[in-house]
Amino acid sequence: MRTLPLIAAACLLLPSCTTTGDPSFQKNLATACQALDTGHLAFAALALSGSVKQSTIDKEAAAYAGVRVICADPSNVTAANALVLVATAYATVAIALKEAKTHA
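Residues numbered from 1 in each chain as written. Predicted model: local features only at pLDDT ≥ 70, side-chain atom pairs only at ≥ 80, totals over all residues. Heavy atoms only, no water.

J.: How should the packing of helix α2 (residues 23-47) against helix α4 (residues 79-103) be read in this particular structure?
T.: Helix-helix packing is described using two parameters, namely the angle between the two axes and the distance between the axes. At a minimum axis distance of 9 Å, the contact between α2 and α4 shows a crossing angle of 20°. Classified by the angle their axes make, α2 and α4 are roughly parallel. Judged by the sense of rotation from one axis to the other, the crossing of α2 with α4 is left-handed. Where α2 approaches α4, its residues Phe-25, Asn-28, Leu-29, Ala-32, Cys-33, Ala-35, Leu-36, Gly-39, His-40, Ala-42, Phe-43 and Leu-46 are matched on the opposing element by Ala-79, Ala-82, Leu-83, Val-86, Ala-89, Tyr-90, Val-93, Ala-96, Leu-97, Ala-100 and Lys-101. Split by residue class, the contact of α2 with α4 holds 19 nonpolar, three polar and one charged. (Axes fitted to C-alpha atoms, helices over the stretch in contact; angles between N-to-C directions. Helix = DSSP H or I, 4+ residues; strand = E, 2+ residues; numbered from the N terminus. Parallel < 35°, antiparallel > 145°, perpendicular 65-115°, else oblique. Left-handed = near helix turned anticlockwise from the far one by under 90°. Contact = heavy atoms within 4.5 Å. Nonpolar A, V, L, I, M, F, W, Y, C, P; charged D, E, K, R; others polar.)

Structural data, given as structure tokens:
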């Protein structure tokens, strides 16, 4: 979980992260999006238990939906911005997942 924000921060400093057509960006974004999908699926499974607060479900859903657009088509954002957004959404999903595990 800690590596995604580090990747995003490093991307802000590396010239190779300036375009979305860069192969290293594509690989990093794919990894970040896959981690986001995994976290979302785990959260969704726990949310089905009925013990997760609706506000947590709403936050997680908004974070996931907002970034899925970037994961599906990163061509409309800069590479650094895309990774920061995905890493931020991943953090939100991870926090929601932790809360869901606590209440499950």
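J.: Looking at this model, I keep getting lost on the packing of helix α3 (residues 54-72) against α4. Mind explaining?
T.: Two elements in contact, α3 and α4, have axes separated by 9 Å at closest approach and are oriented at 155°. Put simply, α3 runs roughly antiparallel to α4. Two packed elements cross with a definite hand, and for α3 against α4 that hand is left-handed. Residue-level inspection shows Thr-56, Lys-59, Glu-60, Ala-63, Val-67, Ile-70 and Cys-71 of α3 in contact with α4, the latter providing Ala-82, Leu-85, Val-86, Ala-89, Thr-92, Val-93, Ala-96 and Glu-99. Taken together, the residues of the contact of α3 with α4 sort by class into 10 nonpolar, two polar and three charged.

J.: Just to check I follow, could you spell out the state of the cysteines for this structure?
T.: Here, disulfide denotes a covalent bond that connects the sulfur atoms of two cysteines. All told, the structure shown has one disulfide when counted by the stated rule. Note that Cys-33 is cross-linked by a disulfide to Cys-71, the S-S spacing being 1.8 Å. One disulfide, between Cys-33 and Cys-71, carries an S-S torsion of -90° and so falls in the left-handed class. Linking Cys-33 in helix α2 with Cys-71 in helix α3, this pair joins segments that are 38 residues apart in sequence. The residues Cys-33 and Cys-71 share a single accessibility class, namely buried. (Disulfide = S-S within 2.5 Å. Buried < 20%, exposed > 50% of the residue type's maximum accessible area, 1.4 Å probe, protein only.)

Geometry only, nothing functional implied.
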